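# Chain and residue survey
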Amino acid sequence: MSRVYNFSAGPATLPEEVLQEAAQEMLDYKGTGMSVMEMSHRSKAFQSIIDTAEADLRDLLGIPENYKVLFLQGGASQQFAMVPMNLMKHKVADYIVTGQWAKKAFSEAKLYGTANAVASSADKTFSYIPDCSDLPIDEDADYVYICENNTIYGTKFWKLPNTKGKILVADQSSCFLSEPVDVTKYGLIFAGAQKNVGPAGTVIVIIREDLIREDVLEGTPTMLRYKTHADAGSLYNTPPTYGIYICGKVFQWLKRRGGLAAMKEYNEKKAKILYDFLDQSKLFKGTVVKEDRSLMNVPFVTGNEELDAQFVKEAKEAGFENLKGHRTVGGMRASIYNAMPMEGVEKLVAFMDAFEKKNGK
Ligand SMILES: *Cc1c(COP(=O)(O)O)cnc(C)c1O
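Residues numbered from 1 in each chain as written. Predicted model: local features only at pLDDT ≥ 70, side-chain atom pairs only at ≥ 80, totals over all residues. Heavy atoms only, no water.

Turning next to the pattern of salt bridges. Taken as a whole, this structure holds 25 salt bridges when the rule is applied. A salt bridge links Arg208 to Asp210; its shortest N-O distance comes to 2.7 Å. A residue is classified by how much of its surface remains accessible, and Arg208, at 22% relative accessible area, is partly exposed. The class for Asp210 is partly exposed, based on a relative accessible area of 44%. Linked through salt bridges whose partners overlap, the residues forming this network are Glu17, Glu21, Glu25, Lys249 and Arg256. (Salt bridge = Lys/Arg side-chain N within 4 Å of Asp/Glu carboxyl O. Buried < 20%, exposed > 50% of the residue type's maximum accessible area, 1.4 Å probe, protein only.)

The following block contains the structure:
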């Protein structure tokens, strides 16, 4: 068996320990004589899996009692519609547009009401986070929306926007569980699992109870109402059972690692190795304003497309996979989520250093 260092932005690398445990339990989950994949979602064994996953997630994030945790399907993109359908009571919402994912969510919201772009960093190819201390928040806005970590561009909100009392909704897909979060500052947090916590097909929603309403927009399908899933403990229909099982294992792995404060410290150290290298390199250059840099997604370029392509190719041959930048940005991107070990980044930097020397800079 040989595993590569996988720098994919998503679906992304998972802890090897978790994969090994899942492999061991594949044919016979704890004496049930079946795989979790083959198990009824109404069984005792599965109920225990989902209950434990929720309890561990609540523990990790310190989720208050008055927030529900939902395990849903449809990916993060389905939340782009579910959020306005369920929350746009006055049919107005304010969006901060800091990249492709925020832009998509913003466009989707326009299908259901008035969506305002109250700030944007499109003028500089989303390479920074705009000042959000005094935005023109609409008096009638039902919520203010952010994409907290911009997976494609590699920026992160290190300070949450001043929403002037409005509910904050955050897409945390690519920074979920990478650091402690004060959940009380948000009305709703959602995260697609495939970046930092598990396999694609599961999306986690953390929502304040008073935002789970009956009076959603007319025509909202039963499956797209938070209330449907909240009332049924995420078991209204068959949930993504295997995905929830793996997420649960990742939550336990995070607890064994010391929780989110320890994870943040590790992630900071890990990202620093790469950023420090980029800052002194004469060949490679980070593409993002320093103070807004993500700890999870690190885009960089050489400034020469051919050299970029050569780097990606040689890196792949050396066991560093998926370093090609997003198709809309070009260059390279190293996604260094929770499960990427320090050693993977150290080795990548050593490889980059050797590539730089070989290419005469
Ligand atoms: C990947 C990603 C999405 C889209 O997720 P899907 O599960 O493919 O819908 C949305 N937002 C962010 C921040 C992402 O990184």
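On we go.
On to the packing of aromatic side chains. Per the counting criterion, the structure on display carries 19 aromatic pairs. A centroid spacing of 6.4 Å and a plane angle of 40° characterise the contact between Tyr145 and Phe190, whose relative ring orientation is tilted. One end of the pair, Tyr145, is in strand β5 (residues 144-147); the other, Phe190, is in strand β9 (residues 188-192), and 45 residues separate them in sequence. For the residue pair Tyr145 and Phe190, the accessibility class agrees, reading buried in each case. Ring centres of Phe277 and Phe284 lie 6.3 Å apart, and the angle between their planes is 50°; on these two criteria the pair is classed as tilted. You can call Phe284 buried: its relative accessible area is 1%. In textbook terms, an aromatic cluster arises when at least three aromatic residues are bridged by ring pairs, as seen for Tyr5, Phe7, Phe277, Phe284, Phe300, Phe311, Phe320, Phe351 and Phe355. (Phe/Tyr/Trp six-rings, centres within 6.5 Å; stacked < 30°, edge-to-face > 60°. Helix = DSSP H or I, 4+ residues; strand = E, 2+ residues; numbered from the N terminus.)

All right, on to the side chain of Ser294 then. Relative to the assigned elements, Ser294 resides in the loop between β11 (285-286) and β12 (297-301). Separated by 3.0 Å, the side chain of Ser294 and the backbone nitrogen of Asn297 make a polar contact. Discounting chain neighbours no more than four positions away, the residues touching Ser294 are Asn149, Gly154, Thr155, Lys156 and Tyr275. (Polar contact = N/O pair within 3.5 Å; in protein donor to acceptor, adjacent residues only side chain to side chain. Contact = heavy atoms within 4.5 Å.)

Right, let's get into the site of the ligand. As a matter of local geometry, the ligand sits amid Gly75, Ala76, Ser77, Phe80, Trp101, Cys147, Asn149, Thr151, Asp171, Ser173, Gln194 and Lys195. At 2.6 Å from a nitrogen atom of the ligand is found a side-chain nitrogen or oxygen belonging to Asp171. Contact between the ligand and Gln194: an oxygen atom at 2.8 Å from a side-chain N or O atom of the residue. Relative to its unbound accessible area of 380 Å², the ligand is 86% covered by the protein chains. Looking at the shell around the ligand, the elements that each hand over two or more residues are α3 (75-87) and α5 (193-196). Of all the elements, α3 adds the most residues to the shell around the ligand, at four residues. Looking at the shell around the ligand residue by residue, the classes come out as four nonpolar, six polar and two charged. (Near = heavy atom within 4 Å. Areas by Shrake-Rupley, 256 points an atom, 1.4 Å probe, with all protein chains shown as cover. Nonpolar A, V, L, I, M, F, W, Y, C, P; charged D, E, K, R; others polar.)

Moving on, we come to the pairing of β12. In terms of burial, β12 is largely enclosed, as five of its five residues are buried. With burial as the criterion, each face of β12 is covered, one bearing Asn297, Pro299 and Val301 and the other bearing Val298 and Phe300. Note that β11 and β12 share two bridges and pair antiparallel. Paired with Gly286 across the bridge in β12 is Phe300. In this sheet, strand β14 (residues 332-335) lies alongside β12 in antiparallel orientation, the contact comprising four bridges. If you follow Pro299 over to β14, its bridge partner there is Arg333. (Pairing = 2+ DSSP bridges.)

With that out of the way, let us pick up the environment of Gly165. Along the chain, the position of Gly165 falls in the loop between β7 (155-156) and β8 (168-171). Gly165 sits in the exposed class, given a relative accessible area of 76%. C-alpha separation for the pair Gly165 and Tyr143, spaced 22 residues apart in sequence, amounts to 9.2 Å.

A surface patch of nonpolar side chains, about 330 Å² in accessible area, is lined by Met26, Leu27 and Met37. Relative to the helices and strands, Met37 is located in the loop between α1 (16-24) and α2 (44-61). For Met37, a relative accessible area of 51% gives the class exposed. (Patch = residues over 30% accessible without salt bridge, like charges linked within 9 Å, V, L, I, M, F, W, Y side chains within 5 Å.)

It is worth spelling out the packing of helix α7 (residues 241-256) against helix α8 (residues 259-280) at this point. For the pair α7 and α8, interaxial distance at closest approach is 7 Å and the crossing angle is 75°. By the criterion of interaxial angle, the relationship of α7 to α8 is roughly perpendicular. Of α8, the residues touching α7 (which contributes Trp253, Leu254 and Lys255) are Gly259, Leu260 and Met263. (Axes fitted to C-alpha atoms, helices over the stretch in contact; angles between N-to-C directions. Parallel < 35°, antiparallel > 145°, perpendicular 65-115°, else oblique.)

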